[in-house]
Protein chains: 2
Amino acid sequence: MKIAIDAMGGDNAPVAVVMGSIQARDEYNLNIILSGREIEIKKILEKNTSNFNNIEIINAEEVISNDDKPVLAIRRKKDSSLVKALNAVKNKEADAIVSAGSTGALLSGGTLLIGRIQGIERPAIGAVIPTMKGGFTLLIDSGANVDSKPEFLYDFAIMGDIYLKKVMNIKNPKIALANIGTEKAKGDKLTVETYEMLENSKLDINFIGNIEARDILQGKTDIIVCDGFVGNMLLKTMEGTVLELMKGLKTALMSTTRSKIGGILIKPALSDFKSKFDYSEHGGAPLLGVKAPVIKAHGSSDAKAIKNAIRQAKICCESNVSGLIEESIMRR
Amino acid sequence: MKIAIDAMGGDNAPVAVVMGSIQARDEYNLNIILSGREIEIKKILEKNTSNFNNIEIINAEEVISNDDKPVLAIRRKKDSSLVKALNAVKNKEADAIVSAGSTGALLSGGTLLIGRIQGIERPAIGAVIPTMKGGFTLLIDSGANVDSKPEFLYDFAIMGDIYLKKVMNIKNPKIALANIGTEKAKGDKLTVETYEMLENSKLDINFIGNIEARDILQGKTDIIVCDGFVGNMLLKTMEGTVLELMKGLKTALMSTTRSKIGGILIKPALSDFKSKFDYSEHGGAPLLGVKAPVIKAHGSSDAKAIKNAIRQAKICCESNVSGLIEESIMRR
């Protein structure tokens, strides 16, 4: 199995990406294709391993950044690490792709170059939200699609279900619809109609009804289904709130001598607590609904997070997630 | 000026509500109408004041709870404290109403009984979000309307603008649109079209563009405009995240002897920090777009929060917020 890696994507690229790729090759016995500036990549390889087996490099001189317009960048930056990695998958030289770069570009590129699974109108991104219980919830769609129709949300649920069963090993995952109340009749037109579809699904899914936004972190459900506009709002609101609270807490702890001493004493407990929010533990976010596995690793990924994302891509291939999605969509 | 109070609404009703009403009467020189169970209210009054001037009681035997269906409850529970207080406003016996009870019922009742301002299709609720800077942001709509049209969101912006200028004394309030990106073309159809309307408004408003969800708590804007489905999601996500983080932090602090001692030392700094999130400081949430001031006090309001909400209702009356909204809407 060959996994294509966008070696230039992410805050810590290319060093962390190349190092994570070496680790993944060694631990999971994989073939790796590193797409990016060959000279830079080679230097990092030479520094970190004496074994160059099962690692190929595709030279790509350009890099797509978060400031690039996604669709435009995919069309114009033909010599970018991302486009070349995507083309490797398109041309069957690789089985899957991992990138820690621009989410928008990976989404556009995945859809334009690798292509949608037959029957799927809108591929979606499933973000992994750590919960207070220690597990996680998959939020799908977390930002790929706006102005969704009920049919799209229904497909998001099916895709999330297969992903959790096959890749994350969760039996009979609970699926909930993000809503402003728990009653069936609550919400906007989109949510009410999606509820109806999920409730009456012929497929073997475990739909548990609506979930309110204030309960998301409690881990009451395995999958949260919503439109990408709403999902992105949820995700960013959570991120922003955690960030601001932690900043505020830090300032509070520095405010008096007493609180400073207290701050030193609680440091180990606090860092245990913070590790609960460690996204990298649960790997990257899958782009579901395209013909081959596409994994978006967190922008701030270190080598370990990259390694985990590659592992995810591998399991997606082995368990034939894309094929199973196509099959389910035909029966829906 | 007479303010009608739903004496039975809220977690701490009727005691906190009646006590807050007495304080408001004394501090702001107001006439208060308390709607609720007369015997209970009289007992609390007798215990807390020797002066019964400027306090009337409307006896109402029923109470509308959060479990009641809003529209149904307004139609059927004619003898409820909320309906009787609303009717007092409708019949011009009172100038405004304050309730800490069911938001949905107050919204339905405000719209059905007091009535919409001419030209306003959808009244909206403006929730007050404390920001890390110490101020607050008005989130409108925070849950009254789903499936909004751009025209509704545009009106939310105008109403929020007048409210902040007149009641909260903010000069030239910044208005931002909640969106998944800052660029003009970002977002769903609703947001893109609303952006266009706000940008081209003839009215004297200070539209600053889009704001991303992760920046909400930073206090970059005075008003955040969005559909009620999205607004409710944002609000509940923030509440849920703060709640879960604080719970998690508490557990972490109790985990070892060392962290317990640290926890005792940081207690004063932590409680200063927590007070930043004190909703009651900024009063209740206004229902804007109805013919008379309607203020929703937080469900967990204590006497002070009720007093502040009554003060808000008073300023709304004095500054003729409803009249100014009608005037702006005619010129929009």
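Residues numbered from 1 in each chain as written. Chains lettered and ligands numbered in written order. Predicted model: local features only at pLDDT ≥ 70, side-chain atom pairs only at ≥ 80, totals over all residues. Heavy atoms only, no water.

A.B. asks: Looking at this structure, how should I read the overall build of chain A?
C.D. replies: A tally of regular secondary structure across chain A gives eleven helices and eleven strands. The C-alpha radius of gyration of chain A comes to 20 Å, within 12% of the 20 Å expected for a compact globule of 332 residues. When its C-alpha atoms are laid out on the principal axes, chain A stretches across 65 × 60 × 35 Å. Per-residue burial over chain A gives 59% buried out of 332 residues. Summarising the internal contacts of chain A: among those between residues at least 6 apart in sequence, 71% fall at separations of at least 24. (Helix = DSSP H or I, 4+ residues; strand = E, 2+ residues; numbered from the N terminus. Rg over C-alpha atoms; globule rule 2.2 N^0.38 Å. Buried < 20%, exposed > 50% of the residue type's maximum accessible area, 1.4 Å probe, protein only. Contact = heavy atoms within 4.5 Å.)

A.B. asks: I keep staring at the pairing of strand E4 (residues 96-99) of chain B and nothing clicks. Help me out?
C.D. replies: Residue and element names in this part refer to chain B. Alternating residues of E4 divide into Ala96 and Val98 and Ile97 and Ser99, and every residue in both groups is buried. Summarising the sheet, strand E1 (residues 2-6) and E4 pair through three bridges and their orientation is parallel. Residue pairing across strands places Ile3 opposite Ala96, the latter belonging to E4. Relative to strand E11 (residues 294-296), E4 runs parallel, the two being bridged by three bridges. Bridge pairing in E11 places Val98 opposite Ile295. (Pairing = 2+ DSSP bridges.)

A.B. asks: How do you make sense of the confidence of the model for chain A when you look at a structure like this?
C.D. replies: Caution applies to low-pLDDT parts of the model: their predicted coordinates are not meant to be read in detail. For chain A, the average pLDDT comes to 95, and 99% of its residues sit at 70 or higher. Across the assembled chains, the prediction reports ipTM 0.91 with pTM 0.92. (pLDDT = per-residue confidence, 0-100.)

A.B. asks: Honestly, the sheet that holds E4(B) in this entry has me stumped. Any pointers?
C.D. replies: In sheet architecture, strand pairing relies on hydrogen bonds along the backbone and comes in two forms, parallel and antiparallel. All names here are of chain B. Taken together, the eleven strands give an open sheet; going across it, the order is E3-E2-E1-E4-E11-E10-E5-E6-E9-E7-E8, and neighbouring strands pair in mixed fashion. Lying at the two open borders of the sheet, with one neighbouring strand each, are strand E3 (55-59) and strand E8 (206-212). Strand-to-strand twist across the sheet, computed as the mean angle between neighbouring axes with direction ignored, equals 25°. Note: strand E6 (residues 136-140) against strand E9 (residues 223-225), three bridges, orientation parallel. By the bridge assignment, Ile140 is partnered in E9 with Val225. (Axes fitted to C-alpha atoms, helices over the stretch in contact; angles between N-to-C directions.)

A.B. asks: How do you make sense of the packing of helix H8 (residues 228-253) of chain A against helix H9 (residues 257-275) of chain B when you look at a structure like this?
C.D. replies: The relative placement of two packed helices comes down to the angle between their axes together with the axis-to-axis distance. Where H8(A) meets H9(B), the axes come as close as 9 Å, and the angle between the chain directions of the two elements is 135°. With respect to H9(B), the element H8(A) is oriented oblique. Where H8(A) crosses over H9(B), the two elements pack in a sense that is right-handed. Contacts between H8(A) and H9(B) involve A:Leu245, A:Gly248, A:Leu249, A:Ala252 and A:Leu253 from the former and B:Ile266, B:Ala269, B:Leu270 and B:Phe273 from the latter. Taken together, the residues of the contact of H8(A) with H9(B) break down into eight nonpolar, one polar and no charged. (Parallel < 35°, antiparallel > 145°, perpendicular 65-115°, else oblique. Left-handed = near helix turned anticlockwise from the far one by under 90°. Nonpolar A, V, L, I, M, F, W, Y, C, P; charged D, E, K, R; others polar.)

A.B. asks: I'm lost on helix H5 (residues 103-114) of chain B in this one. Help?
C.D. replies: All names here are of chain B. Look at H5: 15 Å from first C-alpha to last across twelve residues, which is about the 16 Å you get at 1.5 Å a residue. Among all positions of H5, only Ala105, Leu106, Leu107, Ser108, Gly109, Gly110, Leu113 and Ile114 are buried. Looking at where H5 begins, the residue whose side-chain oxygen comes 3.4 Å from the main-chain nitrogen of Gly104 is Ser102. Note on H5: the residue one or two positions beyond its end, Gly115, has a positive phi of about 95°. (Expected span 1.5 Å × (residues − 1). Polar contact = N/O pair within 3.5 Å; in protein donor to acceptor, adjacent residues only side chain to side chain.)

A.B. asks: Explanation requested: the side chain of A:Ser148 in the structure shown.
C.D. replies: All names here are of chain A. Mapped onto the elements, Ser148 comes out in the loop between strand E6 (136-140) and helix H6 (150-166). At 2.6 Å, the side chain of Ser148 forms a polar contact with the side chain of Asp227. Sequence-distant contacts of Ser148, defined by excluding residues within four places in its chain, comprise Leu153, Phe156, Leu190, Asp227 and Gly228.

A.B. asks: Just to check I follow, could you spell out the environment of A:Ser142 for this structure?
C.D. replies: Residue and element names in this part refer to chain A. Summarising the element assignment, Ser142 is placed in the loop between E6 and H6. Once the C-alpha coordinates of Ser142 and Ala124 are considered, the two residues, 18 residues apart in sequence, prove to be 7.4 Å apart. Excluding residues within four positions of it along the chain, Ser142 makes contact with Ile125, Ala127, Gly228, Gly231, Asn232 and Leu235.

A.B. asks: Explain the packing of aromatic side chains to me, please; I cannot follow it from the model alone.
C.D. replies: Any aromatic ring pair is given by two values, namely how distant the centres are and how the planes are angled relative to each other. Residues and elements named next belong to chain B. Evaluation of the coordinates by the stated rule reveals two aromatic pairs over all chains. Relative to Phe207, the ring of Tyr195 lies with its centre 5.0 Å away and its plane at 80°, an arrangement referred to as edge-to-face. In this pair, Tyr195 sits in helix H7 (residues 189-199) while Phe207 sits in strand E8, placing the two residues twelve residues apart along the sequence. Each member of the pair, Tyr195 as well as Phe207, is classed as buried. (Phe/Tyr/Trp six-rings, centres within 6.5 Å; stacked < 30°, edge-to-face > 60°.)

A.B. asks: Please clarify how the sheet that holds strand E3 (residues 55-59) of chain A should be interpreted in this entry.
C.D. replies: All names here are of chain A. Across the sheet, eleven strands lie side by side as E3-E2-E1-E4-E11-E10-E5-E6-E9-E7-E8; this open sheet has mixed pairing. Edge positions in the open sheet fall to E3 and strand E8 (206-212), since each of these has one partner strand only. The mean angle between the axes of side-by-side strands here comes to 25°, regardless of whether they run parallel or antiparallel. By the bridge criterion, three bridges tie strand E7 (residues 174-179) to strand E9 (residues 223-225) in an arrangement that is parallel.

A.B. asks: Explain the relation of the copies chain B and chain A here, please?
C.D. replies: These two copies of the chain differ by a rotation about an axis and a displacement along the same axis. Mapping chain B onto chain A calls for a rotation angle of 180° and an axial translation of 0.0 Å; the resulting RMSD is 0.0 Å. Both copies of the chain, as the preceding transformation shows, are related through a two-fold rotation axis. Considering only C-alpha atoms, the part of chain B nearest the rotation axis is B:Gly262, at 1.9 Å. Same-surface contact between copies: 100% of interface residues of chain B are shared with the interface of chain A. (Least-squares fit on C-alpha atoms with pLDDT ≥ 70 in both.)

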